[in-house]
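Descriptive structure summary
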Amino acid sequence: MKKTAEPAAAPPAGPEAIKAIPVRHYGRYVTAVIAIAILVAIVYAFGQGKINWHAVPDYFFDDRILTGVGKTLLLTVLSMVIGILGGVGLAVMRLSKNPVTSSIAWFYIWFFRGTPVLVQLFLWFNLGLVFEYINLGPIYKDYWSDFMTPLLTALLGLGLNEAAYMAEICRAGLLAVDEGQTEAAHALGMSHGKTLRRIVIPQAMRVIVPPTGNEVINMLKTTSLVAAVQYPELFRYAQDIGQNSGAPVEMYFLAAAWYLIMTSILSVGQYYIERYYARGSSRSLPPTPWQKVRAHLTTFSSRKVPA
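The following paragraphs examine the structure supplied in this document. (Residues numbered from 1 in each chain as written. Predicted model: local features only at pLDDT ≥ 70, side-chain atom pairs only at ≥ 80, totals over all residues. Heavy atoms only, no water.)

Counted according to the given criterion, the structure contains 4 salt bridges. Where Glu168 meets Arg171, a salt bridge forms, and the shortest distance between an N and an O atom there is 3.0 Å. Of this pair, Glu168 and Arg171 both sit in helix α7 (residues 150-176), 3 residues apart, which is roughly one turn of that helix. Of the charged contacts in the structure, one is a salt bridge between Arg236 and Asp240, with a shortest N-O distance of 3.6 Å. Of this pair, Arg236 and Asp240 both sit in helix α10 (residues 234-245), separated by 4 residues, roughly a single helical turn. (Salt bridge = Lys/Arg side-chain N within 4 Å of Asp/Glu carboxyl O. Helix = DSSP H or I, 4+ residues; strand = E, 2+ residues; numbered from the N terminus.)

In structure tokens:
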């Protein structure tokens, strides 16, 4: 007698689908409302102030302002070149096993980091009280007051001061590279200088670049101090225009706007330079702001229900 096939057992019921409920962040909404209220209050207060806002766009692209912007950028670049070159040299001296060389670098960093930039600018400008002449033999000879022009004073005051800070930044970057890299390079017969150029410094750039970018932005703003030694840059031109036009406060806002524009552009450049040198430190780089915008736009378009 044939056995009848038993009915197949029903598959076990799967787990019930989880319904995700997003967390409510009420504190964010409260914070946003408070921030917007404060912003509106600040804008209203400035709008009611006795400030001639029409003077700002009238002089925003004035020839003197644009000249000041160009000189500010030039002074920033030249001062940072002096600072970076001097900083690399001082960092190597500081790490040297020669006690004399290391002590000289330490004293330089101690002095220039311990005195304000404005004081250093005035010291350079008034060293004619100590050195009446500058005598370089057959190459150059002149009075110190004629030699130390406002531009040279600005470059020495800003560049040499920046070298002290860049020395510490470069030293931190060099110390971040494992000593085994240097030992391996020396075992292959590479000289100390070649090891620095080919092995150590390229790897140290990942540590050096972010604070250096901050120093560039800070240098751009610090150039406003050279107005005290009669060098005409953006802030000095804005002061002159404000005194002649009777709108000094308005010209300060104009200068602040130009500084914000320049620092914003430098910040974008700093971001991509940091991204470039971070390629070997992580498997995948974080998306750029433009990539994030494209991703959000793509996600938004994919959620649209077709008609």
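A few words on the nonpolar core. Membership of the largest hydrophobic core comes to 21 residues, with the highest contact counts inside it found for Leu75, Leu158, Leu174 and Val226. When residues of this core are assigned to their parent elements, the largest contribution, 7 residues, is made by α7. Apart from residues lying up to four places away in sequence, Val226 is in contact with Leu75, Leu121, Ala154, Leu158, Tyr231 and Glu233. Counting 16 residues, the second largest nonpolar core, distinct from the first, contains Phe60, Ala238, Trp258 and Tyr259. (Core = buried A, V, L, I, M, F, W, Y, C linked by side-chain atoms within 4.5 Å. Buried < 20%, exposed > 50% of the residue type's maximum accessible area, 1.4 Å probe, protein only. Contact = heavy atoms within 4.5 Å.)

Once that is clear, we can look at a nonpolar patch on the surface. On the surface, Val30, Ile34, Ile38, Ile42, Phe46, Trp53, Val249, Tyr252 and Phe253 cluster together into a nonpolar patch covering about 790 Å² of accessible area. If you list the elements that add at least two residues to the nonpolar patch, you get α1 (26-48) and α11 (248-277). Counting residues per element, the nonpolar patch draws most heavily on α1, at 5 residues. Mapped onto the fold, Phe46 is located in helix α1. (Patch = residues over 30% accessible without salt bridge, like charges linked within 9 Å, V, L, I, M, F, W, Y side chains within 5 Å. Areas by Shrake-Rupley, 256 points an atom, 1.4 Å probe, with all protein chains shown as cover.)

On to the packing of helix α3 (residues 63-94) against helix α9 (residues 192-222). Contact geometry for α3 and α9: axes closest at 11 Å, N-to-C directions at 140°. In terms of their interaxial angle, α3 and α9 are classed as oblique. The way α3 lies across α9 gives a crossing that is right-handed. Within the contact between the two elements, α3 uses Thr72, Leu73, Thr76, Ser79, Met80, Ile84 and Val92 and α9 uses Leu196, Thr212, Glu215, Val216, Met219 and Leu220. Class assignment of the residues belonging to the contact of α3 with α9 gives a composition of 8 nonpolar, 4 polar and 1 charged. (Axes fitted to C-alpha atoms, helices over the stretch in contact; angles between N-to-C directions. Parallel < 35°, antiparallel > 145°, perpendicular 65-115°, else oblique. Left-handed = near helix turned anticlockwise from the far one by under 90°. Nonpolar A, V, L, I, M, F, W, Y, C, P; charged D, E, K, R; others polar.)

For the structure shown, the criterion picks out 12 aromatic pairs. An angle of 75° between the planes, with centres 5.1 Å apart, marks the rings of Phe60 and Phe61 as edge-to-face. Exposure remark for Phe60: the relative accessible area of 15% places this residue in the buried category. Looking at Phe61, the relative accessible area reads 59%, which means it is exposed. An angle of 5° between the planes, with centres 6.1 Å apart, marks the rings of Trp106 and Trp110 as stacked. Of the two residues, Trp106 and Trp110 are both situated in helix α4 (residues 99-114); the distance of 4 residues between them amounts to about one turn of the helix. (Phe/Tyr/Trp six-rings, centres within 6.5 Å; stacked < 30°, edge-to-face > 60°.)

Another aspect to go through is the packing of α3 against α4. Each pair of packed helices gets described by two things: the angle between the helix axes and the distance between those axes. Running from amino to carboxyl end, α3 crosses α4 at an angle of 130°, the nearest separation of the two axes being 7 Å. What the angle tells us is that α3 and α4 run oblique. Crossing of α3 against α4: the hand is left-handed. Residues Leu90, Met93 and Arg94 of α3 form the contact with α4, whose own contacting residues are Thr101, Ser102, Ile104, Ala105, Trp106, Tyr108 and Ile109.

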